[in-house]
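Listed here are the chains, written in short residue letters.
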Amino acid sequence: MTGMTTITLVQGDITRQSADAIVNAANSSLLGGGGVDGAIHRRGGPAILEECRRLRASKYGKGLPTGQAVATTAGDLDARWVIHTVGPVHSTTEDRSALLASCYRESLRVADELGARTVAFPAISTGVYRWPMDDAARIAVETVRATDTAVEEVRFVLFDERAYHAFAAQLEDGS
Ligand code: ADP
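Definitions and limits used
- Residues numbered from 1 in each chain as written.
- Predicted model: local features only at pLDDT ≥ 70, side-chain atom pairs only at ≥ 80, totals over all residues.
- Heavy atoms only, no water.
- Core = buried A, V, L, I, M, F, W, Y, C linked by side-chain atoms within 4.5 Å.
- Buried < 20%, exposed > 50% of the residue type's maximum accessible area, 1.4 Å probe, protein only.
- Contact = heavy atoms within 4.5 Å.
- Axes fitted to C-alpha atoms, helices over the stretch in contact; angles between N-to-C directions.
- Helix = DSSP H or I, 4+ residues; strand = E, 2+ residues; numbered from the N terminus.
- Parallel < 35°, antiparallel > 145°, perpendicular 65-115°, else oblique.
- Left-handed = near helix turned anticlockwise from the far one by under 90°.
- Near = heavy atom within 4 Å.
- Polar contact = N/O pair within 3.5 Å; in protein donor to acceptor, adjacent residues only side chain to side chain.
- Areas by Shrake-Rupley, 256 points an atom, 1.4 Å probe, with all protein chains shown as cover.
- Nonpolar A, V, L, I, M, F, W, Y, C, P; charged D, E, K, R; others polar.
- Expected span 1.5 Å × (residues − 1).
- Pairing = 2+ DSSP bridges.

Chemist: So what's going on with the nonpolar core? Residues and values would help.
Modeler: Ile 83, Tyr 104, Val 119, Phe 121, Phe 156 and Phe 167 are the most contacted members of the largest nonpolar core, which has 37 residues in total. Beyond its immediate sequence surroundings of up to four residues, Ile 83 is in contact with Ala 21, Ile 22, Val 23, Asn 24, Ala 69, Val 70, Ala 71, Ser 107, Val 110, Ala 111 and Leu 114. If you look at the next biggest cluster of nonpolar residues, it comprises 18 residues, including Leu 30, Cys 52, Leu 77 and Ala 79.

Chemist: Break down the packing of helix 3 (residues 97-114) against helix 4 (residues 133-146) for me, citing the residues and quoting the values.
Modeler: Where helix 3 contacts helix 4, the two axes come as close as 9 Å, and the packing angle between them is 45 degrees. Taken together, the axes of helix 3 and helix 4 lie oblique to each other. The handedness of the crossing between helix 3 and helix 4 comes out as right-handed. For the pair formed by helix 3 and helix 4, the contact residues are Ser 97, Leu 100, Ala 101, Tyr 104, Arg 105 and Leu 108 on the first element and Ala 136, Ile 139, Ala 140, Thr 143 and Val 144 on the second.

Chemist: I'd like a description of the site of the ligand, backed by residues and values.
Modeler: Taken together, 16 residues lie near the ligand, and Ile 14, Val 36, Ser 125, Thr 126 and Gly 127 sit nearest. Contact distances for the ligand include 2.9 Å between a nitrogen atom and a backbone N or O atom of Ile 14. Contacts to the ligand include Val 128, whose backbone N or O atom sits 2.9 Å from an oxygen atom. About the coverage of the ligand: the protein hides 89% of its 560 Å² of free accessible area. With three residues, helix 1 (residues 35-44) is the single largest residue contributor to the shell around the ligand. Here the shell around the ligand is built from residues that sort into ten nonpolar, five polar and one charged.

Chemist: Kindly report on the environment of Ile 14, identifying the contributing residues and their values.
Modeler: Topologically, Ile 14 is positioned in the loop between strand 1 (6-11) and strand 2 (21-26). Take Ile 14: its relative accessible area is 6%, and that puts it in the buried class.

Chemist: Could you give me a rundown of helix 4, with the residues and numbers involved?
Modeler: Over its 14 residues, helix 4 runs 20 Å from end to end, which matches the ideal 20 Å to within 8%, given 1.5 Å per residue. What helix 4 keeps buried is the set Met 133, Ala 136, Ala 137, Ile 139, Ala 140, Val 141, Thr 143 and Val 144. Residues of helix 4 that are buried make contact with strand 1, helix 3, strand 6 (153-158) and helix 5 (161-172).

Chemist: Any details on unusual backbone geometry? Residues and values, ideally.
Modeler: The residue Leu 30 is not glycine, and still its phi comes out positive at about 65 degrees. Tracing the backbone shows Leu 30 in the loop between strand 2 and helix 1. Phi is positive for Ser 125, close to 75 degrees, though the residue is something other than glycine. Looking at the secondary structure, you find Ser 125 in the loop between strand 5 (118-121) and helix 4. With a relative accessible area of 5%, Ser 125 lands in the buried category.

Chemist: Can you explain the sheet that holds strand 2? Please cite residues and give values.
Modeler: Backbone-to-backbone hydrogen bonds pair the strands of a sheet. The strands run either parallel or antiparallel. Ordered in space as 1-6-5-2-4-3, the six strands form an open sheet in which the pairing is mixed. One side of each edge strand has no neighbouring strand; the edge strands of this open sheet are strand 1 and strand 3 (69-73). Taking each pair of neighbouring strands and ignoring which way they run, the sheet shows an average axis angle of 25 degrees. Where strand 5 lies against strand 6, four bridges are found, and the strand directions are parallel. Residue pairing across strands places Val 119 opposite Val 154, the latter belonging to strand 6. Against the sheet, helix 4 touches strand 1 and strand 6, its axis set at about 170 degrees to strand 6.

Take it as geometry only, folks, not as evidence of what the structure does.
Written out as structure tokens, the structure reads:
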């Protein structure tokens, strides 16, 4: 174990958070989208998209694969970095849980590389990608608890009350 990670919950807009790193529920194009992605680029300003375009022109010519994570500047956000990760689209015929878990694990690995101590996560895949909230909350909390990281605070930032309560129920279970 590298250290103890505290998990905290906040209901609100992730772009209003102050943290070392803010995680973006991106899509593989890295060129913006709706939901969290749109909000991060709107509030963070053009520097984030500029760096995403450079990533597309270099290491990620085909886009960022599902389950992986990469960092950029946080632009005008109150953070040092944005960590972009691509959640899986929920499927009723295929179990993609390992990919969703990978988003949390890989984001924390990138956070460790950067030296980030506080990391804010949205509920990845629960918007446009339709992952059921209770199951997404379970995977998020279990994965963070099982990941060896130097990150001191993992803060889940939940947009609405329903999401907040889904994550709170997971924290009460076995914390
Ligand atoms: P995905 O494509 O991974 O499903 P979305 O951005 O569509 O990502 O949604 C992920 C979750 O983030 C959803 O629960 C959505 O309600 C929530 N969300 C949307 N905007 C924000 C925001 N500004 N801050 C925090 N959470 C947000």
